[in-house]
Amino acid sequence: MKQIGMGLSRIGIATAAMAFSLPGMAAVDRWKLNMTPGVTDVSQQVYDLHMIVLWICVVIGVLVFGAMGVAMFRFRKSRGAIAEKWAHNDKAELVLTIIPVLILISMAWPATKVLIEMADTRDAEMTIEVTGYQWKWGYRYVDSGVSFISSLARDSDDTRQLGSGLDPHSVKNYLLDVDRPLVIPADTKVRFVITAGDVIHSWWVPALGWKQDAIPGIINDQWTLVKEPGIYRGQCAELCGKDHGFMPIVVEVKPKAEFEQWLAAQQGANAGAEPVATLAEPVAAEAAPSQG
Amino acid sequence: MAHDASTHHDDHDHKPHGFVNRWLYATNHKDIGTMYLVFSLVMFFLGGLMAMVIRGELMFPGLQLIEPEFFNQMTTMHALVMIFGAVMPAFVGLANWMIPMMVGAPDMALPRMNNWSFWIMPFAFTTLLLPLALKVFFDIGGGGPAGGWTLYPPLSLQGGDSVAFTIFAVHMMGISSIMGAINIIATILNMRAPGMDLLKMPVFVWSWLITAFLLIAVMPVLAGAVTMLLTDKFFGTTFFSATGGGDPVMFQHIFWFFGHPEVYIMILPAFGIVSEIIPTFSRKPLFGYKAMVYAIASIAFLSFIVWAHHMFTVGMPLGGELFFMYATMLIAVPTGIKVFNWVFTMWKGSMTFETPMLFALAFVILFSIGGFSGLMLAIVPADFQYHDTYFVVAHFHYVLVTGAIFSVMAAVYYWLPKWTGRMYNERLGKIHFWASAISVNVLFFPQHFLGLAGMPRRIPDYNVAFADWNLVSSLGGFAFGLTQLLFAYIVWDCSRNKSLAKATDQVWEGAHGLEWTLSSPPPYHSFTTPPVITDSMLAHGNVAH
Amino acid sequence: MITTDRSELDHRRAAAKLTAWILAGVVFGIYGLFWMSGVLGS
């Protein structure tokens, strides 16, 4: 009960935070309704596809439920409706079979086009190996050998403990922040090869428009090409044990030149730690990169 | 239940006396049907309690009530209990009660096997729930399975001894379902009264005939899959372990080859129920009877070739993704036919809105919403975003709660006066309907938004951006949970309260079918002499023209 | 009249028993098939 009460007081805090928009607190996008259009061509196409299908469903829904509504209003016994006897109409049944088929074809066509584009991982300019562990992500830049582990940021981790007494609203990017984000260059086709070290995970950053399962013993691939530098967040999307909810993903997209600088700095710092870099907790090579 | 046999005064139909004789040695289809339904209601509340724990934890960001490990046990057990304990036994109970009465048989074809089918269930669920109960009540062991009801390896193999309990329980449930299905098929194919041709059977009977075939086809597959899991865990095989040359994805293929037909096992009988109720309260024969039967059959066929749409993100080849996308989209065609035909049945009818009809109408609308989100999920590129988010959670709860469970409630209200011989309290029934229909949408509709906004499923805690809709959803959940206590009361009241109005044989003005020609309550053995069947007795009238 | 009804019902029951045995065979067949697929597939 006490904890519920605490939760209620948290609502109060959140509302206050909204009302006065405390300085330094990132505006949280509340009451969100829809999918993100994302930041890549592909994610935009996925979003468009989602909206097309959604609107088709809405239109069909309005027609069918509207017809039901009319029937329920007009043909009620209390209004003196007398039931007719007919029980089939071959023409209507045929028409109502053919129309859905046509609608489905009109959906399948663009879906197929987008899917074929998403499956094409050729001509990538760089490759990053993503490995899921319980409960953190390992990243390795295949071409340069830089590798590190990325796990839940400390403040989120402290706050999320049962009965921690800390307020999730006061943590910036609660549960969506890591100690070391994945850094990729803007304007570059990056290929991800995705696998796992223990159980199945799934690597998902909504802004990139896809998720891909990370499966032990299997290597999956996906790609992205982000034009705008920025920070994009996601989470593990396949149940992977007790801390499944606590292994976020942060992708920082830097302009090409800045990325090269960053990579060079990592290569220098990584040289000493490399033999154990994929499994052990990484040595903090630099101060935790700034977020937000 | 103990005094049930003694309080009944109608000795003339040879009811066995005493609790053990009447219930433990039960071979009567009505008694077994009743036991199935009561068992299902108990499991519904047990699974519902777990859902309340889940929604309680998800009410606010941060962890307030339970550890993440226990949260995972709750989601896993909630699913197993609701699917295998609540929805499936409810439909089997309805089949037991109604099929012999609907086809003009004295009882099920194999009454003693019927007894066995039911009595395996309590033992199966004791086994399933034991590890969790030991943990919760005595702090012994590690608790129940926590790897999700889909039991995906390698995660499910990380569980402790509960893995063995779960697998053993699944085997028992499987055996029970298979025997139930064999009995239903044998009853429908061989026990029909002369003149009850296949294409004169009520749609509910048709839907169960097809469902039973699905059960027979896929339950052994599940048994095979979990047995391989068992040997992987305890006997050193490596069917699903990459380090030993196995393949974790192979489990998912085998599991969903069972799992997709399984979801239709949970919805086809619902189609049958709604196809009985809507004509009754529209006072007009079912529109397109044959199309309805063929649509059920096509959905059943398609259910075998769409399983991998649960696995679009495992990294299948492009050709595989396309095939499963097209096949899945195709299901919309027969499903659409069914919805259109229900609407046509109402059109130019003479409708009244008693509780069963209200639930049936809500079924049509809310199940269709679940169907729409299902169609969206079939679109592979969009599924890459939807997959394993709350959008999926919203989708399958629309088809299972407002689909399957609403249909079961509709069926209970529809046939309860026939079973007990008394009319249930209609005013309370209507209150139950409206409270359920509103709260269930408050509960599940916001979950669409959460999923689209990026909240993964099966997480105990979330970013504050998801806090508002989670709170709304939890409040809806508590309201829905409480409302169901009213349902239990109405059913109990109808079976016990002698002051309620007596039901006529036909019960509902527009009802047709053999079951309405029997008395209310019906005699202990349904049709000991085969009835003479005329077209006017049947719900869909003469289908020949 | 009663006797003819009885034999008619017995006839139906016997047919039902045969159906049940055939279906049980199908069940074991499918179970075996999937075991085989597991053994061969891994």
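In the block above lies the structure referred to throughout.
Residues numbered from 1 in each chain as written. Chains lettered and ligands numbered in written order. Predicted model: local features only at pLDDT ≥ 70, side-chain atom pairs only at ≥ 80, totals over all residues. Heavy atoms only, no water.

Looking at the overall build of chain A
Quick note on the threshold: Only DSSP runs of H or I covering at least 4 residues are called helices, and only runs of E covering at least 2 are called strands; the numbering of each starts at the N terminus. Working definition: with a 1.4 Å probe on protein chains only, accessible area under 20% of the residue-type maximum means buried, over 50% means exposed, and in between means partly exposed. Note on definitions: a residue-residue contact is assigned when non-hydrogen atoms from the two residues lie within 4.5 Å. The method behind every accessible area is Shrake-Rupley, applied with a 1.4 Å probe, and residues are considered shielded solely by the protein chains displayed.
Helix and strand counts for chain A come out as five helices and 10 strands. For chain A, buried positions account for 47% of its 292 residues. At a minimum sequence separation of 6, the contacts of chain A that also span at least 24 residues come to 67%. Counting only carbon and sulfur atoms, one obtains 62% of the accessible surface of chain A, whose full area is about 13700 Å².

Observations regarding helix α3 (residues 90–119) of chain A
For clarity, the threshold we go by: One less than the number of residues in a helix, times 1.5 Å, gives the span that helix is expected to have.
The terminal C-alpha atoms of α3(A), which comprises 30 residues, lie 43 Å apart, in line with the 44 Å expected from a rise of 1.5 Å per residue. Listed in full, the buried residues belonging to α3(A) are A:A92, A:E93, A:P100, A:L104, A:M107, A:A108, A:A111, A:T112, A:V114, A:L115 and A:M118.

A look at the side chain of A:Q212
Of note, A:Q212 is situated in strand β7 (residues 210–214). Given a relative accessible area of 5%, A:Q212 falls into the buried group. Those residues in contact with A:Q212 that sit more than four places away from it in its chain are A:I194, A:H201, A:S202, A:W203, A:N220, A:D221, A:Q222, B:T313, B:V314 and B:G315.

Let's talk about the interface of chain C and chain B
Filter applied, for reference: Salt-bridge detection follows one rule: a side-chain nitrogen of Lys or Arg within 4 Å of a carboxyl oxygen of Asp or Glu. We define a polar contact as two N or O atoms separated by no more than 3.5 Å, with the added condition that, inside protein, one atom must be a possible hydrogen donor and the other a possible acceptor, whereas residues neighbouring each other in sequence contribute only through side-chain atom pairs. Charged residues are taken to be Asp, Glu, Lys and Arg, nonpolar residues to be Ala, Val, Leu, Ile, Met, Phe, Trp, Tyr, Cys and Pro, and polar residues to be all remaining types, Gly included.
With 22 residues of chain C at the interface, the matching set in chain B holds 35 residues. Our enumeration of links across chain C and chain B arrives at zero salt bridges. Linking chain C with chain B are four residue pairs in polar contact (both at pLDDT 80 or more). Per-class residue counts for the side of chain C that touches chain B are 13 nonpolar, four polar and five charged.

Brief notes about helix α4 (residues 68–103) of chain B
All names here are of chain B. Rules: By definition, a residue's bend is the angle between the axes fitted to the seven residues ending there and the seven starting there.
In this model, α4 (36 residues) spans 50 Å end to end at C-alpha, consistent with the 52 Å of a helix rising 1.5 Å per residue. Along α4, the largest kink reaches about 35° and is centred on M82. For α4, the tally of buried residues reaches 34 of 36 residues, placing the bulk of the element in the interior. Positive phi appears at G104, one or two residues downstream of α4, with a value of about 80°.

Re the packing of helix α6 (residues 162–190) of chain B against helix α7 (residues 203–234) of chain B
Residues and elements named next belong to chain B. Using the following cut-off: Fitted lines through C-alpha atoms serve as axes, helices being fitted only where they are in contact, and the angles separating the N-to-C directions of these axes extend from 0 to 180 degrees. Roughly parallel covers angles under 35 degrees, roughly antiparallel covers those over 145, roughly perpendicular covers 65 to 115, and oblique covers all other angles. If you view the pair so one helix is near and one far, a crossing is left-handed when the near helix is turned anticlockwise from the far one by less than a right angle, and right-handed when it is turned clockwise.
For the pair α6 and α7, the least separation of the axes is 8 Å and the interaxial angle reads 155°. If you check the angle between α6 and α7, you find them roughly antiparallel. For the pair α6 and α7, the crossing hand works out as left-handed. Broken down by class, the residue content of the contact of α6 with α7 amounts to 26 nonpolar, four polar and one charged.

Overview of the sheet that holds strand β3 (residues 147–150) of chain A
Residues and elements named next belong to chain A. To keep it simple, the criterion reads: A pair of strands is labelled paired if DSSP reports no fewer than 2 bridges between them.
Strand order in the open sheet formed by five strands is β3-β2-β1-β5-β8, and the pairing between neighbours is mixed. The two strands at the open ends of the sheet, each matched to only one other strand, are β3 and β8 (220–224). Each neighbouring strand pair of the sheet contributes to a mean axis angle of 25°, computed without reference to strand direction. Across six bridges, strand β1 (residues 126–133) lies against strand β2 (residues 136–141) in antiparallel orientation. For G132, the partnering residue across the bridge sits in β2 and is W137.

Describing the pairing of strand β5 (residues 190–196) of chain A
All names here are of chain A. With six of seven residues buried, β5 lies mostly within the body of the structure. Judged from the seven bridges that link them, β1 and β5 form a sheet pairing that is parallel. Residue M126 lies in a different strand from β5, and its bridge partner there is V190. In terms of strand pairing, β5 meets β8 through five bridges, oriented antiparallel. By the bridge assignment, V193 is partnered in β8 with D221.

Regarding the interface of chain A and chain B
With 98 residues of chain A in contact, the opposing surface of chain B contributes 99 residues. Counting every contact that joins chain A to chain B gives two salt bridges. Between B:E509 and A:K77 there is a salt bridge; the shortest N-O distance is 3.0 Å. At the boundary of chain A with chain B, the tally comes to 23 residue pairs in polar contact (both at pLDDT 80 or more). Of all the secondary-structure elements, those providing two or more residues to the side of chain A that touches chain B are α1 (2–20), α2 (41–74), α3, β7, β8 and β9 (230–236) of chain A.

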